[in-house]
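Summary of structural features
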Amino acid sequence: MENEWSYNKYQIRDGLKPGSTHFQYFYVVSEQANKKCNYCVWIVDEVLTRFDQSGDFASIVSSKREDWNGWVKGKIDAGDFGNKVLKYDRDGEKEIEYRK
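The residue numbering used here restarts from 1 in each chain and proceeds along that chain's sequence as written. It should be noted that, the model being predicted, local features are given only for residues of pLDDT at least 70 and side-chain atom pairs only at 80 or more, the latter also being counted only at that level, while totals for whole chains, interfaces and linings use all residues. Computation of side-chain values covers all heavy atoms of the structure but excludes hydrogens and water.

1. Focus on the side chain of Q24
Stated precisely, the cut-off is as follows: Runs of E in the DSSP output that reach at least two residues are strands. Runs of H or I that reach at least four are helices, and both are numbered from the N terminus. Type-normalised accessible area, obtained with a 1.4 Å probe on protein chains alone, sets the label of each residue: buried when under 20%, exposed when over 50%, and partly exposed for intermediate values. Any pair of residues with heavy atoms lying within 4.5 Å of one another is described as a contacting pair.
Within the secondary structure, Q24 sits in strand 3 (residues 23-31). On the basis of relative accessibility, which here comes to 16%, the residue Q24 falls in the buried class. Setting aside residues up to four positions removed in sequence, Q24 forms contacts with G15, L16, K17, C40, V41 and W42.

2. Overview of the side chain of K75
As for its placement among the helices and strands, K75 is situated in helix 2 (residues 57-77). Those residues in contact with K75 that sit more than four places away from it in its chain are Y39, D80 and E95.

3. Thoughts on the sheet that holds strand 2 (residues 10-16)
Formally: Criterion used throughout: strands pair if DSSP finds at least two bridges between them. Comment: axis = line fitted to C-alpha atoms, over the contacting stretch for helices; angle = value between 0 and 180 degrees taken between N-to-C directions.
Spatial strand order, 1-2-3-4-5-6: 6 strands in an open sheet with mixed pairing. The outermost strands of the open sheet, each flanked by one partner alone, are strand 1 (3-7) and strand 6 (92-97). Pairwise comparison of adjacent strand axes, ignoring direction, gives a mean angle of 20° for this sheet. Examined bridge by bridge, strand 3 and strand 4 (residues 34-43) share 9 bridges and lie antiparallel to one another. Residue F26 lies in a different strand from strand 4, and its bridge partner there is C40.

4. Quick look at the pairing of strand 6
Here strand 5 (residues 84-89) pairs with strand 6 via 6 bridges, running antiparallel. Residue pairing across strands places Y88 opposite E93, the latter belonging to strand 6. Connecting strand 5 to the next strand, strand 6, in antiparallel fashion are 2 residues.

5. Brief notes about the pattern of salt bridges
The following threshold applies: Basic side-chain nitrogens of Lys or Arg form a salt bridge, by our definition, when they fall within 4 Å of a carboxyl oxygen of Asp or Glu.
Tallied over the entire structure, the rule returns 10 salt bridges. Across the salt bridge formed by R65 and D14, the nearest N and O atoms sit 2.9 Å from each other. Remark: D14 occurs in strand 2 and R65 occurs in helix 2; sequence separation between them is 51 residues. Of the residues examined, D14 reaches a relative accessible area of 0% and is grouped as buried. Between E31 and K36 there is a salt bridge; the shortest N-O distance is 3.9 Å. Among the residues examined, K36 registers a relative accessible area of 36% and is labelled partly exposed. The network of salt bridges with shared partners includes K75, D80, K84, E95 and E97.

6. With respect to unusual backbone geometry
Most peptide bonds take the trans form, and the phi angle of most residues other than glycine is negative. Phi is positive for Q32, close to 50°, though the residue is something other than glycine. By the element assignment, Q32 lies in the loop between strand 3 and strand 4. Given a relative accessible area of 68%, Q32 falls into the exposed group. For A33, which is not glycine, the phi dihedral falls at a positive 70°. By secondary structure assignment, the location of A33 is in the loop between strand 3 and strand 4.

Right, here's the structure in full:
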């Protein structure tokens, strides 16, 4: 994970999924070194250019990370520690449950 930060009593690590050819940006939320949940931002390939004309992952992260951090903070504030995906596709943005 590329970044580590704290919010309330939680530790958050976030970053792009290593080696992925698709845009997947993960957040791992832990409390006292115990993992609570994962949140993920998925952008389907067909809509990458909505975020950056070249589809550059680093540019997308740079421009949207603070917004996504706010989404994560909102989940924590609500006590919503289920694994969630914020998915961007042709139909727009939707939040879905993530199950492995």
